Amino acid sequence: SQTIHQWPATLVQPVGSPLSLECTVEGTSNPNLYWYRQAAGRGLQLLFYSVGIGQISSEVPQNLSASRPQDRQFILSSKKLLLSDSGFYLCAWSDPGARAFFGQGTRLTVV
Amino acid sequence: SQQGEEDPQALSIQEGENATMNCSYKTSINNLQWYRQNSGRGLVHLILIRSNEREKHSGRLRVTLDTSKKSSSLLITASRAADTASYFCATISSGDKLTFGTGTRLAVRP
């Protein structure tokens, strides 16, 4: 069966520090991969999505970037975090046109 | 940007009552999905309705889709306290872009 791993669950980082959040999927091949950010009590903002290795679509370029170095690995990065980068980050995967499966999320607090 | 807008933003009902949430979207879609999120957790898929379907049922859930009005509704019948959560609609548009609405916070009072 397919599983999705997202870590860490919580992260406290100082302003100006780098960020690397990793998401990996098992049990499937060539999945669509997604990164979302959710502010408290709000909806999900699509940040990046990828339909294949090296194919990244950016919705909110700002201070973040994403990479897909392997078929089932999706990484969200920042070179220098801002206070406004705080939030709940969610990774998800899906087969094309099908339901999505979510990781448990990373709560990032930038201090 | 958000593709969908849910209505209402928050809903409080008594256990046993029905809960109806609505979703409107902007662009052409391949399908529309509904998800549930418990506080501080990842989202869980509830139901998917394709663009050529008008209604779909799954247990106590009933989803309708009106592509001419670009809207969908989720009905939860005989609600339970455990249904308390946030509910989101999501659409897949061309290029497999999956975008979510703003969500409805449902509170079911025991």
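This text gives an overview of the structure that appears in the document. Since we're looking at a predicted model, the values are computed, not measured.

Here's the deal with the pairing of strand E3 (residues 19-25) of chain B
Residues and elements named next belong to chain B.
Then step 1. By the alternation rule, side chains of E3 split into Ala19, Met21, Cys23 and Tyr25, which are all buried, and Thr20, Asn22 and Ser24, of which none is buried.
Then step 2. Across four bridges, strand E1 (residues 4-7) lies against E3 in antiparallel orientation. Counted as the bridge partner of Glu6 is Cys23 from E3.
Then step 3. Where E3 and strand E8 (residues 71-76) come together, six bridges link them in antiparallel fashion.

Focus on the interface of chain B and chain A
Then step 1. Taken together, the contact pairs 23 residues of chain B with 24 residues of chain A.
Then step 2. Taken together, both faces of the contact between chain B and chain A bury some 1800 Å²; the carbon and sulfur share is 49%.
Then step 3. Counting the surface chain B buries against chain A, the share from its top three residues, B:Asp96, B:Lys97 and B:Leu98, is 27%.
Then step 4. Between the two partners, chain B and chain A, sit one salt bridge.

Looking at the layout of surface pockets
Leftover empty space is mapped by rolling, across the atoms, a probe with the size of a water molecule.
Then step 1. Approximately 300 Å³ is the volume found for the largest pocket.
Then step 2. Taken together, 19 residues form the lining of the largest pocket, with A:Gln38, A:Gly41, B:Gln37, B:Gly40 and B:Ser86 sitting closest to its centre.
Then step 3. For the lining of the largest pocket, the elements supplying multiple residues, two or more each, are strand E9 (87-94) of chain A together with strand E9 (85-93) and strand E11 (104-109) of chain B.
Then step 4. Counting residues per element, the lining of the largest pocket draws most heavily on E9(B), at three residues.
Then step 5. Grouping the amino acids of the lining of the largest pocket by side-chain chemistry returns five nonpolar, 11 polar and three charged.

Structural notes on the sheet that holds strand E7 (residues 65-70) of chain A
Residues and elements named next belong to chain A.
Then step 1. The four strands are arranged E1-E3-E8-E7 in an open sheet whose pairing can be described as antiparallel. Edge positions in the open sheet fall to strand E1 (3-7) and E7, since each of these has one partner strand only. Going from strand to strand, the sheet's axes swing by 20° on average, the running direction of each strand aside.
Then step 2. Of the pairings in the sheet, the one linking strand E3 (residues 19-26) to strand E8 (residues 73-78) comprises six bridges and is antiparallel in character. Bridge pairing links Ser20 to Ser77 in E8.

A look at the state of the cysteines
Residue and element names in this part refer to chain A.
Then step 1. Using the criterion set out here, one finds two disulfides over all chains in the structure.
Then step 2. Here Cys23 engages in a disulfide with Cys91; their sulfurs sit 1.9 Å apart. Judged by the torsion about the S-S bond (-80°), the Cys23/Cys91 disulfide is left-handed. In this pair, Cys23 sits in strand E3 while Cys91 sits in strand E9, placing the two residues 68 residues apart along the sequence.

Examining the environment of B:Ser58
All names here are of chain B.
Then step 1. Within the secondary structure, Ser58 sits in strand E6 (residues 55-58).
Then step 2. You can call Ser58 partly exposed: its relative accessible area is 34%.
Then step 3. Put simply, Ser58 and Leu48 are 10 residues apart on the chain and 9.9 Å apart in space, counted from C-alpha to C-alpha.

Re the sheet that holds strand E7 (residues 61-66) of chain B
All names here are of chain B.
Then step 1. Taken together, the five strands give an open sheet; going across it, the order is E1-E3-E8-E7-E6, and neighbouring strands pair in antiparallel fashion. Two strands close off the open sheet at either side, each with one partner strand: E1 and E6. Across this sheet, the average inter-strand angle for adjacent strands is 15°, counted without regard to direction.
Then step 2. In terms of strand pairing, E6 meets E7 through four bridges, oriented antiparallel. Looking at E7, one finds that Glu55 is bridged to Thr64.

So, how was this worked out
Residues numbered from 1 in each chain as written. Chains lettered and ligands numbered in written order. Predicted model: local features only at pLDDT ≥ 70, side-chain atom pairs only at ≥ 80, totals over all residues. Heavy atoms only, no water. Buried < 20%, exposed > 50% of the residue type's maximum accessible area, 1.4 Å probe, protein only. Helix = DSSP H or I, 4+ residues; strand = E, 2+ residues; numbered from the N terminus. Pairing = 2+ DSSP bridges. Contact = heavy atoms within 4.5 Å. Buried area = accessible area lost by both parts, 1.4 Å probe. Salt bridge = Lys/Arg side-chain N within 4 Å of Asp/Glu carboxyl O. 1 Å grid on protein atoms, 1.4 Å probe; cavity = no way out; pocket = protein on both sides within 12 Å on 5 of 7 lines; lining within 4 Å. Points joined across faces, edges and corners; volume = space filled by probe spheres on them. Nonpolar A, V, L, I, M, F, W, Y, C, P; charged D, E, K, R; others polar. Axes fitted to C-alpha atoms, helices over the stretch in contact; angles between N-to-C directions. Disulfide = S-S within 2.5 Å.

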